[in-house]
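Spelled out, the chains give:
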Amino acid sequence: MTNPPPERKKITVPDLARMKALEERISMITAYDATFARLVDLAGVDMILVGDSVGMVVQGEANTIPVELDEMAYHVRLVARSRPAALIVGDLPFGSYQVSPQQAVESSIRLMKEGAECVKLEGGVVMAETIQAITRVDIPVVGHIGLTPQSYHRMGGHKVQGKKSGFEAGGRERLLEDAHAVEQAGACAIVVEGVPRELAKEITRKLSIPTIGIGAGPDCDGQVLVLHDVLGLSDMTLKFTKHYADLRTRAIEATEAYVREVRDGLWPDDEHSFH
Ligand code: KIV
């Protein structure tokens, strides 16, 4: 059994800039409830993303579009209850910030009241004004460009972006513009998802805020993965994810053993019974 690590110092938004300056790699992972938030915090992760990927990995949706603000508020509340040392990032779901900067500020306030310590939203140039509006009321924002899952229908699925040159959405030069716009608008960090590693490297070199990569190669300032992929709870293996354990097999085996013992009359035994 491993000993619990010593109490960790709380990670704050200014720590992200410090880590970039010191070239300390930033680790981020998703969590959607208090139990798993506690586990990943004990493992020493720097940032917990309460991602709208909850729609796919917990709710069984095909993409993140159906996720509602009320649902994100609920999951942020659960994660915040674990009081992690890691910085809590609350993801703004589709439809909760695209209508107007005012709507975005109101949705961000909602997640902050539930315990988020910053919010994340998808989009580059077109979201600059919105990011400015949110940061103006002192809510830190993490940007997200490249393969932005909420653009599922525009992209025609979860498709790698930035492979083609051009200034249209998803084009290489446009992604450089997007990254610059997010930084200029005041974001404290930016997720760069599903782009060629060379492009992610160029974005990382050009920005003064940390880049957090997923499917963007090793040269970003940090990395993020979805918890269910890391633990091997999902049955999918995507090129840019890695199963660091096979909890899916372990969970099935454990449940099979339980079912067998119930059927055979072996559970509960006397040791687990009251007298
Ligand atoms: O919702 C999420 O989990 C995300 C990550 C994939 C970056 O946005």
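With that settled, the discussion passes to the overall build of the chain. The number of helices and strands found in the chain is 11 helices and eight strands. Projected onto its principal axes, the C-alpha coordinates of the chain cover approximately 70 × 35 × 35 Å. Taking all 275 residues of the chain together, the buried fraction comes to 50%.

The next subject is the nonpolar core. Counting 73 residues, the largest nonpolar core has Met47, Leu111 and Ile134 as the members making the most contacts within it. It is helix H4 (residues 69–80) that contributes the most residues to this core, six residues altogether. Isoleucine 134 has contacts with Leu92, Ala104, Val105, Ser108, Val119, Leu121, Ile139 and Val141, leaving out every residue within four places of it along the chain.

Another aspect to go through is the site of the ligand. With respect to spatial proximity, the complete set of residues near the ligand consists of Thr30, Leu49, Gly51, Asp52, Ser53, Asp91, Lys120, His144, Val191, Glu193 and Ile214. Separating an oxygen atom of the ligand from a side-chain N or O atom of lysine 120 is a distance of 3.1 Å. For the ligand, the protein covers 96% of the area, taking 260 Å² as the surface of the free molecule. In terms of residue class, the shell around the ligand is made up of three nonpolar, four polar and four charged.

Before going further, it helps to examine the environment of histidine 180. Mapping histidine 180 onto the fold places it in helix H8 (residues 172–184). Along the primary structure histidine 180 and serine 208 are separated by 28 residues, whereas in three dimensions their C-alpha atoms are 9.7 Å apart.

What follows is about the pattern of salt bridges. Under the criterion given, the structure shown has 12 salt bridges. Glutamate 202 is the partner of arginine 172 in a salt bridge, and the nearest nitrogen-oxygen pair spans 2.7 Å. A residue pair is termed long-range when its members are at least 10 positions apart, and arginine 172 in helix H8 and glutamate 202 in helix H9 (residues 197–206) qualify at 30 residues.

Below, the discussion takes up H4. Over its 12 residues, H4 extends 16 Å from the first C-alpha to the last, a length consistent with the 16 Å expected when each residue adds 1.5 Å. Considered for burial, the residues of H4 that qualify are Leu69, Met72, Ala73, His75, Val76, Leu78, Val79 and Ala80. Looking at the buried positions of H4, the neighbouring elements they touch are helix H2 (34–42), strand S2 (47–50), helix H3 (54–57), strand S3 (87–91) and helix H5 (101–114).

Overall, parallel pairing links the eight strands, which are arranged S1-S2-S3-S4-S5-S6-S7-S8 in a closed barrel. Direction aside, the axes of adjacent strands within the sheet are offset by 25 degrees on average. Pairing geometry for strand S5 (residues 141–146) and strand S6 (residues 189–193), over five bridges, is parallel. Following the sheet pairing, histidine 144 is matched in S6 by valine 191. Sitting on the sheet, H5 is in contact with S3 and strand S4 (118–120), with an inclination near 130 degrees to S4.

Next up on the list: the environment of threonine 12. Tracing the chain through its elements places threonine 12 in the segment before helix H1 (13–21). Considered as a pair, threonine 12 and alanine 187 are 175 residues apart in the sequence and their alpha carbons are 14 Å apart.

A separate point is a nonpolar patch on the surface. Together, Tyr258, Val262 and Trp267 make up an exposed nonpolar region whose accessible area comes to about 300 Å². Structurally, tyrosine 258 is set in helix H11 (residues 247–263).

Attention now goes to the confidence of the model for the chain. The predicted structure's coordinates, where accompanied by low pLDDT, should not be read in detail. Across the chain, the average pLDDT comes to 96, with 98% of residues at 70 or higher. Ranking the elements of the chain by mean pLDDT puts helix H7 (residues 152–155) last with 95 and S4 first with 99.

Attention shifts here to H11. Along an α-helix, residues three or four positions apart point the same way, because every turn accommodates 3.6 residues. A rise of 1.5 Å per residue sets the reference length of H11, with its 17 residues, at 24 Å; its end C-alpha atoms lie 24 Å apart and thus fit the reference within 8%. Just past H11, the residue glycine 265 takes up positive phi, approximately 70 degrees.

The rules behind these values
- Residues numbered from 1 in each chain as written.
- Predicted model: local features only at pLDDT ≥ 70, side-chain atom pairs only at ≥ 80, totals over all residues.
- Heavy atoms only, no water.
- Helix = DSSP H or I, 4+ residues; strand = E, 2+ residues; numbered from the N terminus.
- Buried < 20%, exposed > 50% of the residue type's maximum accessible area, 1.4 Å probe, protein only.
- Core = buried A, V, L, I, M, F, W, Y, C linked by side-chain atoms within 4.5 Å.
- Contact = heavy atoms within 4.5 Å.
- Near = heavy atom within 4 Å.
- Polar contact = N/O pair within 3.5 Å; in protein donor to acceptor, adjacent residues only side chain to side chain.
- Areas by Shrake-Rupley, 256 points an atom, 1.4 Å probe, with all protein chains shown as cover.
- Nonpolar A, V, L, I, M, F, W, Y, C, P; charged D, E, K, R; others polar.
- Salt bridge = Lys/Arg side-chain N within 4 Å of Asp/Glu carboxyl O.
- Expected span 1.5 Å × (residues − 1).
- Pairing = 2+ DSSP bridges.
- Axes fitted to C-alpha atoms, helices over the stretch in contact; angles between N-to-C directions.
- Patch = residues over 30% accessible without salt bridge, like charges linked within 9 Å, V, L, I, M, F, W, Y side chains within 5 Å.
- pLDDT = per-residue confidence, 0-100.

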